[in-house]
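# Per-entry structural report
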Amino acid sequence: MSDQPQPQQPDQGWAPREPEAAAAPEAPGGKKPKRPKRTGWRRIIPTWRMTLAGVVTLVALLIGAFYLGYSMVKIPPANALATKQSNVYLYADGTQLARDGDVNRENVGLDQVSADAQHAVLAAEDRDFFSESAVDPKAMIRAAWNTATGKGTQSGSTITQQYVKNYYLGQEQTVTRKVKEFFISIKLDRTESKSEILSGYLNTSYFGRNAYGIQAAAQAYYGKDATDLDAGRGAYLAALLNAPSEYDVVAHPENKAAAVARWNYVLDGMVKKHWLTQAERTGMKFPMPKEATASTSMSGQRGYIVSAIKDYLATNKIIDADTLEAGGYRITTTLQKSKQDAFVKAVNDQVMSKLDKKNRKVDNYVRAGGASVDPKTGQIVAMYGGIDYVKQYTNGATRGDFQVGSTFKPFVLASAIQNGSQTQDGQTITPNTYYDGTDKRPVEGWSGGSYAPENEDGVSYGDITVRTATDKSVNSVYAQMAVDVGPAKIKQTAIDLGIPADTPDLTATPSIALGPSTASVLDMAEAYATLANHGERHTYTLISKVTKDGTDDIKLPAQKTTRAVSREAADTTTNVLESVVDNGTATAAQGADRPAAGKTGTAEKDTAAWFAGYTPDLATVVSVMGQNPTTAAHEPLYGAMGLERVNGGGAPAEIWAQFTKAALKGTAANDFDLQLQDGAETVAPPSLTPSQPSATNGQDNGGTTTTGGQGDQGQTQGGTTDGGTTNGGTTTTDGGTTTTGGTTGTTTTGGTTTDGGTTTTGGTTGTTTDGTTTNGGTTGTTTDGTTGGTTTGGTTAGPQSTARKKE
């Protein structure tokens, strides 16, 4: 075998090998070389490393931004609009009387919204509210996309976000507001329960018709409270949230189809969430809302009542004016709607309908005020403030600037009986005690100066009982009685009965009996209610309940019950006042068709006429007043309503009778249950017939001229006129027999009588012997030098005077 190498035979498919490439030189330091740069289109595609880094950076930025925003955005205080509410005033039966405030909102708790109404709102706005988070990013993105693509502006907000917008922020469409809304919603979801958020949303949402919150909306559209909303009505209110103005089918009937479609959407959602059965849903008819009513605000009686309520709340330190102004109070009054309406009708029928303001200037002066109190509770059941608060804003029921006149006289009698008072000659004062009713008779026993008040129209009555003096409202008798009782005691009795101690002109002088004080109608109603309640006084109340935001009860002061006067004093006064209605100046009050007691009164110069009266069940005071609408000055009412004069037995008593009859319709006509003072039951013989007033400025045998009248505070001066002086008045016994102080003289009727003998010619009407009248008295011409006068029971007076004086 040869040692030479043998040639190789190539395998099948063999090819010569390429020479091996030279190994790449290592970079200095042993590092790998850089990757070649990407070229072409590859340069615009990020590598996976770049993508990962970008995502991580973005997430970090988002997390950082979230925590930064979360820490920086604080939950702000509520905006002013969200907290502003109206106050709601209700009648005793819960029906709405008035609402004040610019914002029509009344916050209520969730328990005061029906379950159907709650579910309807959830079905319309956020069906998964109780299970979802405070924000819904998917819904926000979807809403943004739909808005951007022209599918309509959509919020994508949860109920929580909408509540935050309504309560904390505002309605502006800005990125800043949306960012704040986002973070506040998240924070709120951690601090408040879902129920609290839903309640807040329901109270802040706008439903149209100036109604903020579901309670105001329920009233505005259906006249119901939110707790009474059924599924159909609740669904309509929920539909309104989407487009409050457009979906008001009354204001925009052209949009009814869209509104009904939204209503159906809400109901279908309720069925889907099992809040409403399909059976209940099937056949449900669209509940048309009521007509929208223009805001009546404070018109009619509303303003007067609201003003009185505010004064009552402030005076009794229940709610001060500033706190009440913030709103949110629901105030239930003691006023009864049927009685309130009856009072308005009575005033309209008896006064306002009779005014002719175009042809009678005085008719423009006429004002009226009234108040009615339940004597057994002290609750004010009706109040009349005036024709219309927006036309005459001064409340006729609470104003205290008109004299009460003779409606004060019963307080004098009650005080006399309460204090066991006696006349100047030591007789106990009872309804049957005799007094001298001579016009302008100077009072006895008063050291404060001369006081001789004039009777109405200057009439002299001679010797009359207290009962008759009350029937006829005789000033001279009651002025003397005031001195006998003691003006200071009378003042205290009036205060105990219910007249405020700070009432203007409530002064301890004899004139107090004639009513120069200016108590309000409401004050007088409280005092008369005390008499009706047998002398037991309940401080009047106008409020039965106050709540804040529909849940928090505000504590009301306890009503005080006090014994003002004894039962005998109150009941005896009532018995005398029954006679005023039966036989005296207040016969018009008989129109109530039930037992009644009362007293008329007239302010000086006839600027106001009063009637204060009561049945066992209701005490009511009415005043018709005269006030110049331009100057606010008090004006006489001569000629008003086409009448020569307006007195308490006219329009005020007629209003009282009509109102009382209507207010007590359907109730038994109860008699008074009276316990009288000893001696009060005895019926005295008839009093003497009154004489006519003198033509010489009230001249009367024994009379004293006075320049001030009953309005003066007890000190009036005047001189005696010819014809003699009574020297202290007449004391009578045995039904009219003059024993002392009488006017002696010779009287005839067409004939001659000497020395008080029996008239023999000319038609004698009675026998006169030495000034003692035994059978009615004799009228004729005196022969003692005084001519032109007439004598009745020994008192001389002249022809009828035309002067009008207050009773």
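The written sequence of each chain sets the order in which its residues are numbered from 1. The model is predicted, so local features are restricted to residues of pLDDT at least 70 and side-chain atom pairs to those at 80 or more, both for listing and for counting; the totals for chains, interfaces and linings are taken over all residues. As a convention, hydrogens and water are excluded, and side-chain values are obtained from all of the structure's heavy atoms.

## Digging into the overall build of the chain
Under the DSSP-based scheme used, a helix requires at least four consecutive residues in state H or I and a strand at least two consecutive residues in state E, with every element numbered from the N terminus. Across its full length, the chain holds 21 helices and 22 strands. Between buried and exposed lies partly exposed: a residue is buried under 20% and exposed over 50% of the maximum accessible area for its type, with that area taken using a 1.4 Å probe on protein chains only. Within the chain, the fraction of its 807 residues that count as buried is 51%. Of all intrachain contacts in the chain linking residues separated by at least 6 positions in sequence, the fraction that spans at least 24 positions is 69%. For the chain, the exposed surface amounts to about 37,500 Å²; the carbon and sulfur share of it is 51%. Residue contacts are counted whenever heavy atoms from the two residues lie within 4.5 Å of one another. With residues, only the protein chains shown are counted as cover, and all accessible areas are computed by Shrake-Rupley using a 1.4 Å probe.

## Things to note about the sheet that holds strand β2 (residues 96-100)
Sheet strands pair via backbone hydrogen bonds, and the direction of the pair is either parallel or antiparallel. The five strands lie next to each other as β2-β1-β5-β11-β12, forming an open sheet whose pairing is mixed. The open sheet has two edge strands, β2 and β12 (552-553), and neither has a second partner. DSSP bridges decide pairing: two strands pair if at least two such bridges lie between them. Pairing of strand β1 (residues 87-90) with strand β5 (residues 329-333), which is carried by three bridges, proceeds in the parallel orientation. Its bridge partner lying in β5, V88 is registered against R330.

## Quick look at the packing of helix α15 (residues 409-418) against helix α18 (residues 487-497)
In contact at an axis separation of 9 Å, α15 and α18 are set at 105° when each is read in the N-to-C sense. The angle between the axes of α15 and α18 places the two elements in the roughly perpendicular class. Seen from α15, the contacting residues are F411, V412 and S415; seen from α18, they are K489, I490, T493, A494 and L497. Three categories are distinguished: nonpolar for Ala, Val, Leu, Ile, Met, Phe, Trp, Tyr, Cys and Pro, charged for Asp, Glu, Lys and Arg, and polar for the others, with Gly belonging to the last. In terms of residue class, the contact of α15 with α18 is built from five nonpolar, two polar and one charged. A fitted line through C-alpha atoms serves as each axis, taken over the contacting stretch for helices, and the angle formed by two N-to-C directions is quoted from 0 to 180°. Note on angle classes: values under 35 degrees are labelled roughly parallel, values over 145 roughly antiparallel, values of 65 to 115 roughly perpendicular, and the remainder oblique.

## Digging into the environment of L198
With respect to the helices and strands, the residue L198 is situated in helix α7 (residues 194-204). For L198, a relative accessible area of 0% translates into the label buried. In this structure, the C-alpha to C-alpha distance between L198 and L110, residues 88 residues apart in sequence, is 7.9 Å. Not counting residues up to four positions away in its chain, the partners in contact with L198 are L110, Q118, L122, F129, F130 and I159.

## A word on the pairing of β1
On β1, burial covers both faces: N87 and Y89 on one face and V88 and L90 on the other are all buried. As defined by bridge partners, β1 adjoins β2 across four bridges and the pair is classed as antiparallel. Paired with Y89 across the strands is A98, a residue of β2. Between β1 and β2, which pair antiparallel one after the other, the connecting turn spans five residues, and G94 there sits at a positive phi close to 95°.

## Points about the sheet that holds strand β6 (residues 366-373)
Taking strand neighbours across the sheet as the criterion, the five strands line up as β7-β6-β16-β15-β14 in an open arrangement whose pairing is antiparallel. Edge strands, defined here as strands with exactly one partner in the open sheet, are β7 (380-384) and β14 (597-602). Here the strands of the sheet are splayed against their neighbours by 5° on average, with no regard to which way each runs. Here β6 pairs with β7 via four bridges, running antiparallel. Each residue of the ladder has a partner; that of V373, found in β7, is I380. On the sheet, helix α14 (residues 337-350) packs against β6, β7 and β16 (619-626) and is oriented at approximately 30° with respect to β7.

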